[in-house]
Amino acid sequence: LIWTSHPDGAFNYLSPQWTAYTGLPADKQLGVGWAHQVHADDRRTLAEQWKTGIASEQSFELEFRLRGSNGLYRWFRTHASPIRDANGRLVKWLGTSTDIDDRKQGDTLRAHLSAIVESSSDAIISKSLDGTIQTWNRSAERMFGYAAADIIGRPNALLVPPARRQEESDIIGRIKAGQQLRDFETVRLRKDGSHLDVALTVSPIKDAQGHVIGISKVARDITARKQAEEFLQQQRRLIELSHEPIFAWETERGIVQWNKGCEQLYGYTAEEAIGQVSRQLLQTTFSVSLPDILATLEATGEWT
């Protein structure tokens, strides 16, 4: 959008592109009338910057939102250049106002995405197709022990145990083919050489034409869950080996665990007992009603 103004900044010409965008005739916008199309939140700052720029008699730039004929505002960058006569005296200003709304929206989106990535509790990493790390968020720093400055530009192989290098190559091959990998559980290395159990979601990064140009990876630390699972497995193994009869049941599913001690005492194998209602299988006689027993369990956590 082209415009010119007097030395004091009052507009004296607006191009057809300007009037077409605003939907108003030029005579309604000359002088300072054009400023009525500026977003209310930008007017005060614009007025101050405009006054400073005009007073400097030097080229200046500023950004503001301008209302279009459809009632919507778009961001514009205005560049004003002084026009002087042969004696160097300022005679008018020549300006261009360029639509930068798409770029502004992109900047805002990138800022939002960056904030989300940085605040995530998961490690979020991007890398090139050859495995070079390109971005590294704060959770990745905490999880793997590398500062971003120390790891960006280095190969992702630093995080992969030697025994799992082929696994990593297979993942990259799948991503290059446009596939996504979700919740893939594996092991990675910290900076100190210790192992870390992680669940990976790996996705292709594509350009506007749909070509795969990079790889994004979200790593969730599942070490605590793995340790809890291992602990439970150990407990199950101990229960299975115990000569004491121990079984577990659920109100909806019936018997869900039946150890060797139960097999020896009651004579039913685990395959025969699992899924059965224990009181029916064992023909149990209770000293109180079953609802009373369940109520006691709910209230105190045990019944004897």
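Structural notes, computed from the coordinates.

## Brief notes about the overall build of the protein chain
The secondary structure content of the protein chain amounts to eleven helices and twelve strands. Its C-alpha atoms give the protein chain a radius of gyration of 35 Å, clearly above 19 Å, the size a compact globule of 304 residues would have. When its C-alpha atoms are laid out on the principal axes, the protein chain stretches across 115 × 55 × 30 Å. For the protein chain, buried positions account for 32% of its 304 residues. Entry remark: accessible area of the protein chain is about 18,400 Å², with carbon and sulfur atoms responsible for 52%. Each charge class in the protein chain was averaged separately, 36 positive and 39 negative side chains, and the resulting centres sit 8 Å apart.

## Concerning the packing of aromatic side chains
Scanning the model with the defined rule gives 15 aromatic pairs in all. Their ring planes at 70° and their centres at 5.0 Å tell us that Y21 and F76 sit as a pair that is edge-to-face. On the criterion of sequence distance, the pair formed by Y21 in helix α1 (residues 16–22) and F76 in strand β4 (residues 73–84) is long-range, its members being 55 residues apart. Note on accessibility: Y21 and F76 belong to one class, buried. Ring pairs connect the aromatic residues W3, F11, W18, W34, W50, F60, F64 and W93, which therefore count as one cluster. K104 extends its terminal NZ or CZ atom over the ring of W75, reaching a point 4.5 Å from the ring centre.

## A closer look at the pairing of strand β8 (residues 181–189)
Pairing geometry for β8 and strand β9 (residues 195–206), over seven bridges, is antiparallel. Counted as the bridge partner of F184 is L200 from β9. A loop of five residues connects β8 with β9, the two strands running antiparallel in sequence, and G193 in this loop sits at a positive phi of about 90°.

## Things to note about unusual backbone geometry
Located in the positive-phi region is D183, a residue other than glycine, with phi close to 50°. By the secondary structure assignment, D183 is in strand β8. Its identity is not glycine, yet Q283 carries a phi of approximately 50°, on the positive side. Assignment of secondary structure puts Q283 in the loop between α10 (278–281) and α11 (290–300).

## A closer look at the sheet that holds strand β10 (residues 212–221)
As summarised here, the arrangement of the five strands in space is β7-β6-β10-β9-β8, forming an open sheet in which the pairing is antiparallel. Each edge of the open sheet is held by one strand with a lone partner, namely β7 (133–136) and β8. Taking the axes of each pair of neighbouring strands and ignoring which way they run, one obtains an average angle of 30° across the sheet. In the sheet, strand β6 (residues 123–127) pairs with β10 via five bridges, with the strands oriented antiparallel. Opposite A123, over in β10, you have A219 as the bridge partner. Packed onto the sheet, helix α6 (residues 165–176) meets β6, β8, β9 and β10 and runs at close to 150° relative to β8. The sheet contacts of helix α7 (residues 223–241) involve β8, β9 and β10, and relative to β9 the element is tilted by about 135°.

How each quantity is defined
- Residues numbered from 1 in each chain as written.
- Predicted model: local features only at pLDDT ≥ 70, side-chain atom pairs only at ≥ 80, totals over all residues.
- Heavy atoms only, no water.
- Helix = DSSP H or I, 4+ residues; strand = E, 2+ residues; numbered from the N terminus.
- Rg over C-alpha atoms; globule rule 2.2 N^0.38 Å.
- Buried < 20%, exposed > 50% of the residue type's maximum accessible area, 1.4 Å probe, protein only.
- Areas by Shrake-Rupley, 256 points an atom, 1.4 Å probe, with all protein chains shown as cover.
- Lys, Arg positive; Asp, Glu negative; His and termini not counted.
- Charge placed at Lys NZ, Arg CZ, Asp CG, Glu CD.
- Phe/Tyr/Trp six-rings, centres within 6.5 Å; stacked < 30°, edge-to-face > 60°.
- Lys NZ or Arg CZ within 6 Å of the ring centre and 35° of its normal.
- Pairing = 2+ DSSP bridges.
- Axes fitted to C-alpha atoms, helices over the stretch in contact; angles between N-to-C directions.
- Contact = heavy atoms within 4.5 Å.

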